[in-house]
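One-letter residues, chain by chain:
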Amino acid sequence: MKKFSLMIAGVLLLQPCLASDNFTLYLVRHAEKQADSKNPPLTQCGKARAKQLSTLLSTANVKSIYSTSYQRTMSTAAPLSNKQKIAIKNYNPKQLEQFSLHLKQRKENSLIVGHSNTTPQLTHLLSGQQVESLSEDDYQTLYQIQFIDKQTVLTQFMQPLVCSHNK
């Protein structure tokens, strides 16, 4: 019985070591933006979507939040950043290959906010799976990439908020 107890204790102590390589990345395009300008802010609907994203990920044990330096991406990441008290780190959307390697090396649950052209590309680099391009009107897609026991699992979700893009 004593040997069995030691074996169980050993397995339980080892489990966190084995699980430490398991992590999840969440990738989204920024929320709805105001009419075309070089660095537009979010619309009211975009602000509501950013809050919804924060609620959806509030129990996901996110440890890092990454965003490009644009106002719309930073504002999309801000509600979760504020709720979890995690500083937003900027990344360069022109260096996605290096950034994907960084994320894989960090091995921590993270939110990455990007753009319609970069988010599918980064999702592909991280998961090894092709994903469809995002249209200019697609703000609902949320990609979840799980790294579990050296396997990569990609799941695509749709955020439930639907609004017309001129609000």
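Residues numbered from 1 in each chain as written. Predicted model: local features only at pLDDT ≥ 70, side-chain atom pairs only at ≥ 80, totals over all residues. Heavy atoms only, no water.

So, the pattern of salt bridges
For clarity, the threshold we go by: When a carboxyl oxygen of Asp or Glu is within 4 Å of a side-chain nitrogen of Lys or Arg, the pair counts as a salt bridge. Helix and strand assignments follow DSSP, with helices taken as H or I runs no shorter than four residues and strands as E runs no shorter than two, numbered in order from the N terminus. Relative accessible area decides the class of each residue, using a 1.4 Å probe on protein chains only: under 20% of the type maximum gives buried, over 50% gives exposed, and in between gives partly exposed.
This structure, assessed with the given rule, holds 5 salt bridges. Across the pair Glu32 and Arg49 runs a salt bridge, and its minimum N-O distance is 2.8 Å. Placement of Glu32 in the loop between strand S1 (23–29) and helix H2 (44–56) and of Arg49 in helix H2 is noted, with a sequence separation of 17 residues between them. No difference in accessibility class separates Glu32 from Arg49, as the two residues are buried. For Glu108, the salt bridge goes to Arg106, with nearest N and O atoms at 2.9 Å. The exposure class of Arg106 is partly exposed, given its relative accessible area of 38%. Salt bridges linked by common partners bring Arg29, Lys33 and Glu136 together as one network.

With respect to the nonpolar core
Heads up, the rule is: Residues enter a nonpolar core if they are buried and are Ala, Val, Leu, Ile, Met, Phe, Trp, Tyr or Cys, with the set joined through side-chain atoms within 4.5 Å. Contacts are assigned to residue pairs that have any heavy atoms within 4.5 Å of one another.
Formed by 16 residues in total, the largest nonpolar core has its most connected members in Leu25, Leu27, Phe99, Leu103, Ile112, Leu122 and Leu126. Mapped onto this core, the elements with two or more residues apiece are S1, helix H4 (96–106), helix H5 (119–127) and strand S5 (141–148). Those residues in contact with Leu126 that lie beyond four places of it in its chain are Leu25, Leu27, Ser100, Leu103, Lys104, Ile145, Phe147 and Thr152. If you look at the next biggest cluster of nonpolar residues, it comprises 13 residues, including Ala60, Ile65, Ala77 and Leu142.

Any functional reading would require information that these geometric values do not contain.
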